[in-house]
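These are the residues of each chain, in order.
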Amino acid sequence: ITAELTEGLDAEDDRVIRTVERVKRVCWENNLVLWCNTGYGFPSVEDMRDRGRALADRGANLILFQSAEFILTNSLKWLRRELS
């Protein structure tokens, strides 16, 4: 959503926040789980924790904590499959 709306990764942009609020409302009205991703590129565990708390405060029911290690691990798994 952030890349589409802001042509970058600014999750705090008002357009992103308004869109997330609309999605949250639809999820709550239809008894659906709101699943969010923290994104990656956080300089510290504390920054990632704070992002998770902000998502929970906005109504996320499930939060995927994504880190550079997550991206690297999945990339290496893909590479291993490709080379097998």
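As a reminder, the structure under discussion sits directly above these lines.
Below: a short report on this structure. (Residues numbered from 1 in each chain as written. Predicted model: local features only at pLDDT ≥ 70, side-chain atom pairs only at ≥ 80, totals over all residues. Heavy atoms only, no water.)

Some words on helix H2 (residues 14-29)
Threshold: Secondary structure elements are taken from DSSP: a helix is a run of H or I of four residues or more, a strand is a run of E of two residues or more, and numbering for both begins at the N terminus. One less than the residue count of a helix, multiplied by 1.5 Å, gives the span that helix is expected to have. Working rule for contacts: check all heavy atoms of both residues, and any pair within 4.5 Å makes them a contact. Residues adjacent in sequence count toward polar contacts only when both atoms are side-chain atoms; beyond that, a polar contact is any pair of N or O atoms within 3.5 Å, and within protein one must be able to donate a hydrogen and the other to accept it.
Compared with an ideal rise of 1.5 Å per residue, which puts 16 residues at 22 Å, H2 spans 22 Å between its outermost C-alpha atoms and is within 8% of the ideal. Each element contacted by the buried residues of H2 is listed here: helix H1 (2-6). For H2, the capping residue at the N-terminal end is Asp-13, with a side-chain oxygen 2.8 Å from the backbone nitrogen of Arg-15. Just downstream of H2 lies Asn-31, where phi reads positive at about 55°.

Focus on the pattern of salt bridges
Test applied: The term salt bridge refers to a side-chain nitrogen of Lys or Arg lying within 4 Å of a carboxyl oxygen of Asp or Glu. The cut-offs for exposure are 20% and 50% of the maximum accessible area for each residue type, with area from a 1.4 Å probe on protein chains only; residues under the lower value are buried, those over the upper are exposed, and the others partly exposed.
Under the criterion given, the structure shown has three salt bridges. Here Arg-15 and Asp-13 are joined by a salt bridge, their closest N and O atoms 3.0 Å apart. Given the relative accessible area of 39%, Arg-15 is considered partly exposed. Accessibility expressed as a relative area gives 16% for Asp-13, which makes it buried. The partner of Glu-21 in a salt bridge is Lys-24, with the nearest N and O atoms 3.1 Å apart. Taken together, the residues span about one helical turn, with Glu-21 and Lys-24 both in helix H2 at a distance of three residues. For Glu-21, a relative accessible area of 29% gives the class partly exposed. Among the residues examined, Lys-24 registers a relative accessible area of 13% and is labelled buried.

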